[in-house]
Amino acid sequence: ETASDRQSLVVVVTCADDTTREVTDSCRFELADVSLAQVQGRTVLPLADGQTTLSVHFDGRSSVVPVVVRDVATTRPISFRLDVMPVFMRAGCNSGSCHGASRGQRGFRLSVFGFDPAGDHFRITREFVGRRIDLARPAESLLLTKPSEQVVHGGGQRFDADSEMYRVLLKWLEQGAPRDPQDVSRVKRLEMFPSEVVLSGTATGGDATAGNSHRLVVRAHYDDGTDRDVTGLSVFTSTNTAAAVVSFEGVVSGQQRGESFVMVRYGENNVGLPVIVVPAGPAAEFPVLPVANRIDELIHGKLRKLRIVPSKVCDDGTFLRRVYLDTIGLLPEPGELTRFSA
């Protein structure tokens, strides 16, 4: 929706061993109607209202996805809550170690993680009028020159002058730094692509193997029925960096065997992506296991992705001996196993 909208593309193939591989750069994209949209690199841009399809071709296989273009003649104004606040979040400006601290930094305070947009707007536009923003000369506002380090900034450079974050703030200032109307749309949910990642890591903990990284795409769905690509305004973190790391731009890479969640935050909203990292090399043959219910299906599927072959079924005595040995470190004395079982 709107002329400034866009949609990033990410293409993932699932291999026979359940690992996933991103192949976006190796794909060929074809739009059925090039008068409605265009593909530039890995991004679809709108041209005219209408509906068409995008065909994705890779290694003799193809997939078709619908493309809907609406309101191209409409220019969406920059929203303080939906655009400016996410810039502060992504740049780390409103974190507890920066201007989000209880007393702020160097006389400038933001609400931690943006919990108070109205208060932040007041402090930026009304507190010390003329110091932080200059509507007559927007590009010379401290709100831009400090984080881009065109002037000395105690927090260092937070973004470049040619970045999307800089352009968002500049456009907001050029529009007069308005506050959002009461009926501004709200984010209903976040969606991340792909929905699951199984990467090939390293067996020895050395450098990551080639092809074990994925670009991530984040899309926000709003309560007015619209959606948009917000990857460039999102914050990415990994819960287990020993298994997987994620870059500032949203590229997740496998490290050592394990499991992690990549958490994405856009404004006040979060979404998680499960990431499994398995050892490099061929997978062991997974046995055919009996399935009694849906839980068995999920467990077997997870074990297969983790490349963990379950142990065979044993009798109670063997199981208890194993437990006894693992917990106590010694084999049970004669008659001890019966007492332990009781």
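Computed from a predicted structure; not experimentally measured. (Residues numbered from 1 in each chain as written. Predicted model: local features only at pLDDT ≥ 70, side-chain atom pairs only at ≥ 80, totals over all residues. Heavy atoms only, no water.)

A. Seen up close, helix H2 (residues 117-125). Summarising burial for H2: seven of the nine residues are buried, a large majority. Looking only at H2, the buried set comprises Pro 117, Gly 119, Asp 120, His 121, Arg 123, Ile 124 and Thr 125. Against helix H1 (80-91), helix H3 (142-145) and helix H4 (164-174) lie the buried residues of H2. (Buried < 20%, exposed > 50% of the residue type's maximum accessible area, 1.4 Å probe, protein only. Helix = DSSP H or I, 4+ residues; strand = E, 2+ residues; numbered from the N terminus. Contact = heavy atoms within 4.5 Å.)

B. Layout of the side chain of Gln 7. Mapped onto the fold, Gln 7 is located in strand E1 (residues 7-8). By relative accessible area, which is 18% here, Gln 7 ends up buried. Residues in contact with Gln 7, not counting those within four places in the same chain, are Arg 42, Thr 43, Val 44, Val 217, Arg 219 and Asp 229.

C. Structural context of the packing of aromatic side chains. Scanning all chains against the criterion turns up two aromatic pairs. Centre to centre, the rings of Phe 80 and Trp 172 are 5.3 Å apart; their planes meet at 40 degrees, and the pair counts as tilted. Taken together, the positions of Phe 80 in helix H1 and Trp 172 in helix H4 put the pair 92 residues apart, joining distant regions of the chain. According to the relative accessible area criterion, Trp 172 is buried, its value standing at 0%. Seen in terms of ring centroids, Phe 159 and Tyr 166 are 6.4 Å apart; in terms of plane orientation they differ by 70 degrees. Their pairing is edge-to-face. Here Tyr 166 falls in the buried class, since its relative accessible area comes to 9%. (Phe/Tyr/Trp six-rings, centres within 6.5 Å; stacked < 30°, edge-to-face > 60°.)

D. Representation of the environment of Thr 75 within the structure. Here Thr 75 is to be found in the loop between strand E8 (61-69) and H1. Each C-alpha atom of the pair Thr 75 and Cys 15 lies 42 Å from the other, and the pair is 60 residues apart in sequence.

E. Up close: the sheet that holds strand E16 (residues 251-254). Within the open sheet, the three strands sit side by side as E11-E16-E15. Their pairing is antiparallel. Unpaired on one side and paired on the other, strand E11 (213-215) and strand E15 (244-246) mark the two borders of the sheet. Going across the sheet, the axis of each strand differs from the next one's by a mean of 15 degrees, ignoring polarity. (Pairing = 2+ DSSP bridges. Axes fitted to C-alpha atoms, helices over the stretch in contact; angles between N-to-C directions.)

F. Looking closely at the pattern of salt bridges. Counted by the stated rule, this structure contains 18 salt bridges. In this structure, Glu 127 engages Arg 132 in a salt bridge whose closest nitrogen and oxygen atoms are separated by 2.8 Å. Here Arg 132 falls in the buried class, since its relative accessible area comes to 7%. Of the charged contacts in the structure, one is a salt bridge between Arg 137 and Asp 134, with a shortest N-O distance of 3.2 Å. Take Arg 137: its relative accessible area is 47%, and that puts it in the partly exposed class. One salt-bridge network, in which partners are shared between bridges, spans Glu 22, Asp 25, Arg 42 and Arg 215. (Salt bridge = Lys/Arg side-chain N within 4 Å of Asp/Glu carboxyl O.)

G. Representation of a nonpolar patch on the surface. The grouping of Val 112, Phe 113 and Phe 115 at the surface amounts to a nonpolar patch, some 290 Å² of accessible area in total. Position of Val 112 among the secondary structure elements: in the loop between H1 and H2. Overall, Val 112 belongs to the partly exposed group, its relative accessible area being 32%. (Patch = residues over 30% accessible without salt bridge, like charges linked within 9 Å, V, L, I, M, F, W, Y side chains within 5 Å. Areas by Shrake-Rupley, 256 points an atom, 1.4 Å probe, with all protein chains shown as cover.)

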